[in-house]
Amino acid sequence: MAGSAEARKLVYLVTGGCGFLGEHVVRMLLEREPRLRELRVFDLHLSPWLEELKTGPVQVTGIQGDVSEAHEVAAAVSGAHVVIHTAGLVDVFGRASPETIYKVNVQGTQNVVEACVQTGTRFLVYTSSMEVVGPNIKGHPFYRGNEDTPYEAVHEHPYPHSKAQAERLVLEANGRMVHGGLPLVTCALRPTGIYGEGHQIMRDFYHQGLRLGGRLFRAIPASVEHGRVYVGNVAWMHVLVARELEHRAALMGGQVYFCYDKSPYKSYEDFNMEFLGPCGLRLVGTRPLLPYWLLVLLATLNALLQWLLRPLLLYAPLLNPYTLVVANTTFTVSTNKAQRHFGYEPLFSWEDSRTRTILWMQGMDSSAQ
Ligand SMILES: NC(=O)C1=CN([C@@H]2O[C@H](COP(=O)(O)OP(=O)(O)OC[C@H]3O[C@@H](n4cnc5c(N)ncnc54)[C@H](O)[C@@H]3O)[C@@H](O)[C@H]2O)C=CC1
Ligand SMILES: C[C@@H](CO)CCC[C@@H](C)[C@H]1CC[C@H]2[C@@H]3[C@H](O)CC4=CC(=O)CC[C@]4(C)[C@H]3CC[C@]12C
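Residues numbered from 1 in each chain as written. Chains lettered and ligands numbered in written order. Predicted model: local features only at pLDDT ≥ 70, side-chain atom pairs only at ≥ 80, totals over all residues. Heavy atoms only, no water.

(A) Expanded view of the overall build of the protein chain. A tally of regular secondary structure across the protein chain gives twelve helices and 13 strands. Here the C-alpha radius of gyration of the protein chain, 21 Å, is about what a compact globule of 369 residues would show, namely 21 Å. When its C-alpha atoms are laid out on the principal axes, the protein chain stretches across 60 × 45 × 40 Å. When burial is assessed residue by residue, the protein chain has 52% of its 369 residues classed as buried. If you sum the accessible surface of the protein chain, you get close to 16,200 Å²; carbon and sulfur atoms cover 56% of it. In the protein chain, which carries 33 positive and 34 negative side-chain charges, the distance between the mean positions of the two groups comes to 3 Å. (Helix = DSSP H or I, 4+ residues; strand = E, 2+ residues; numbered from the N terminus. Rg over C-alpha atoms; globule rule 2.2 N^0.38 Å. Buried < 20%, exposed > 50% of the residue type's maximum accessible area, 1.4 Å probe, protein only. Areas by Shrake-Rupley, 256 points an atom, 1.4 Å probe, with all protein chains shown as cover. Lys, Arg positive; Asp, Glu negative; His and termini not counted. Charge placed at Lys NZ, Arg CZ, Asp CG, Glu CD.)

Pasting the structure below:
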């Protein structure tokens with residue numbers, strides 16, 4: 001979408017703009033935000049593809065930095081009209097220490113909020129997660145819930161705990177006076193499990209399937225529904241929210257929105273097979289091949305091994321007690337809050353989302369294991 005030079009006046013900052021979701025947000029902004037003049041992409045590691053984006057009408061500025069460093073964040077935020085804060089340490093496998101997770105996710109978010117206040121940036125969109133709600137460690141189902149559905153959110157794992165703390169910081173900052181005397185307007189988006197082009201865990205399952213001779217083995221009952229949402233639609237929601245916060249501050253400020261689209265309700269594994277199947281993999285078993293108690297045992301063993309081996313090497317398999325509970329607990333969303341508050345409709349149908357993801361997977365080098 002082309003915008004005339006006069007209409008281009010806004011400066012956006014996307015933190016974590018080189019990540020899986022961040023890249024889609026960056027590209028979506030360039031395609032669908034005609035008022036954009038400058039797009040700042042802030043990340044710990046800048047990706048080479050940023051260079052290609054520098055030839056268009058929008059000034060794209062890569063900023064290598066760390067959200068946990070307040071001065072780096074303040075320098076990047078200064079002069080931005082809108083901040084989309086997607087940067088985060090996404091780790092439920094024990095790769096990073098809890099301290100590092102808090103430093104990036106909580107302190108990093110606090111730094112973003114303070115930078116907005118100090119420099120006079122008025123609009124802040126935070127990428128939260130369904131994980132701030134659940135599934136909880138008790139395995140309570142959340143079936144087609146919405147933003148108002150009561151649920152006992154109990155967090156013991158550092159990732160959901162840090163995301164919940166960060167979300168609270170962002171929402172509590174709504175209405176704070178920023179430099180210049182106007183109120184900060186914030187809101188949080190809570191994606192369910194995101195999938196699509198660039199999804200690392202999908203890549204991991206694909207390569208695991210290839211190693212196992214084109215097979216994956218069912219571990220989760222098909223009846224357990226896990227919420228999923230296409231990355232392009234999550235990015236589109238971010239773009240829309242960022243745009244509409246200014247016009248609907250009273251309605252949207254301080255609100256949370258689940259990210260949703262028309263992706264079908266399925267188990268985590270059955271959903272993955274929508275893409276892995278057309279890439280030649282097969283899910284073996286109509287029921288889990290191992291009894292649940294054995295999976296719990298294996299997950300506990302993995303956690304124990306991780307702890308024992310930590311001084312020597314990093315052992316971080318996909319299966320641990322936390323991921324087992326998340327994958328084994330029904331958690332699905334059914335809401336239209338984003339449609340009611342800011343007119344969101346998914347940009348990509350389920351068929352498009354599926355096709356795009358399959359094409360991306362088929363284009364991956366299958367030997368790159
Ligand atoms: N992947 C998923 O299924 C879901 C992700 N989310 C949230 O979406 C956001 C993006 O996640 P993904 O794209 O999946 O993860 P990702 O790991 O692909 O992207 C995160 C980006 O943040 C950057 N980053 C990490 N630490 C940083 C630091 N200290 N300073 C600056 N940048 C830093 C990374 O370099 C990376 O580019 C995260 O906030 C995550 O919590 C929410 C729900 C689901
Ligand atoms: C038991 C295994 C047998 O195949 C399967 C293990 C799958 C898990 C690695 C994933 C199941 C559910 C995923 C999480 C979920 O989609 C919600 C998430 C939200 C976020 O904000 C970050 C990612 C994640 C925690 C996601 C991580 C991978 C799973 C636990």
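Next comes the rest of the account.
(B) Quick peek at the site of ligand 1. By nearness alone, 24 residues border ligand 1, and Leu21, Asp43, Asp66, Tyr159 and Lys163 come closest of all. In the environment of ligand 1, a nitrogen atom lies 3.3 Å from a nitrogen or oxygen atom belonging to the backbone of leucine 44. The fraction of the free accessible surface of ligand 1 (820 Å²) that becomes covered by protein chains is 85%. Broken down by secondary-structure element, the contributors of at least two residues to the shell around ligand 1 are α1 (20–32), α4 (158–172) and β8 (193–195). (Near = heavy atom within 4 Å. Polar contact = N/O pair within 3.5 Å; in protein donor to acceptor, adjacent residues only side chain to side chain.)

(C) Region of interest: the packing of aromatic side chains. This structure, assessed with the given rule, holds 15 aromatic pairs. Note on tyrosine 195 and tyrosine 230: the rings are 5.7 Å apart at their centroids and 50 degrees apart in plane angle, and the pair reads as tilted. Taken as a pair, tyrosine 195 in strand β8 and tyrosine 230 in strand β10 (residues 228–230) lie far apart in primary sequence, 35 residues in all. In terms of burial, tyrosine 195 and tyrosine 230 fall into one category: buried. (Phe/Tyr/Trp six-rings, centres within 6.5 Å; stacked < 30°, edge-to-face > 60°.)

(D) Main features of empty space enclosed by the protein. Enumeration over the complete set of coordinates arrives at one cavity of 30 Å³ or more. Space inside the largest cavity adds up to approximately 40 Å³. Contributing to the lining of the largest cavity are Glu131, Gly134, Pro135, Ile137, Val154, His155, Glu156, His157, Pro160 and Tyr322. Classifying every residue of the lining of the largest cavity gives five nonpolar, three polar and two charged. (1 Å grid on protein atoms, 1.4 Å probe; cavity = no way out; pocket = protein on both sides within 12 Å on 5 of 7 lines; lining within 4 Å. Points joined across faces, edges and corners; volume = space filled by probe spheres on them. Nonpolar A, V, L, I, M, F, W, Y, C, P; charged D, E, K, R; others polar.)

(E) Inspection of the environment of lysine 138 at higher detail. Here lysine 138 shows up in the loop between β5 (123–127) and β6 (142–145). Taking the C-alpha atoms as reference points, lysine 138 and valine 325, 187 residues apart in sequence, are found 8.2 Å from one another. At 2.6 Å, the side chain of lysine 138 and the side chain of glutamate 152 are in polar contact.

(F) Broad picture of the site of ligand 2. Close contacts around ligand 2 come from 18 residues, with Ser129, Tyr159, Gly193, His226 and Glu269 the closest. The contact in question runs from an oxygen atom of ligand 2 to an N or O atom on the side chain of tyrosine 159, over 2.6 Å. Here histidine 226 contributes a side-chain N or O atom positioned 2.8 Å from an oxygen atom of ligand 2. Protein contact buries 89% of the 640 Å² of open area that ligand 2 shows by itself. Elements that contribute at least two residues to the shell around ligand 2 include exactly α5 (200–211), α8 (268–276) and α10 (321–327). Counting residues per element, the shell around ligand 2 draws most heavily on α10, at three residues. Looking at the shell around ligand 2, its residues break down into twelve nonpolar, four polar and two charged.

(G) Highlighting the UniProt feature "domain: 3-beta hydroxysteroid dehydrogenase/isomerase" (unreviewed entry) in the protein chain. The feature "domain: 3-beta hydroxysteroid dehydrogenase/isomerase" (unreviewed entry), as given by UniProt, occupies residues 13–283 in the numbering adopted here. Across residues 13–283, helical content stands at 37% and strand content at 20%; the span's end C-alpha atoms are separated by 41 Å. (UniProt positions renumbered as here; feature names shortened; annotations may be inferred.)

(H) A look at helix α6 (residues 231–247). For α6, with 17 residues, the first-to-last C-alpha span of 25 Å sits near the 24 Å given by 1.5 Å per residue. Of all 17 residues that make up α6, 15 are buried, and the element is covered over most of its length. (Expected span 1.5 Å × (residues − 1).)

(I) Just the packing of α8 against helix α12 (residues 350–363), in detail. Between α8 and α12, whose axes approach to 8 Å, the crossing angle comes to 65 degrees. In this view, α8 runs roughly perpendicular relative to α12, as classed from their interaxial angle. Contact residues: α8 offers Phe271, Glu274, Phe275 and Leu276, while α12 offers Trp350, Arg354, Thr357, Ile358 and Met361. Here the residues of the contact of α8 with α12 are counted per class, giving six nonpolar, one polar and two charged. (Axes fitted to C-alpha atoms, helices over the stretch in contact; angles between N-to-C directions. Parallel < 35°, antiparallel > 145°, perpendicular 65-115°, else oblique. Contact = heavy atoms within 4.5 Å.)

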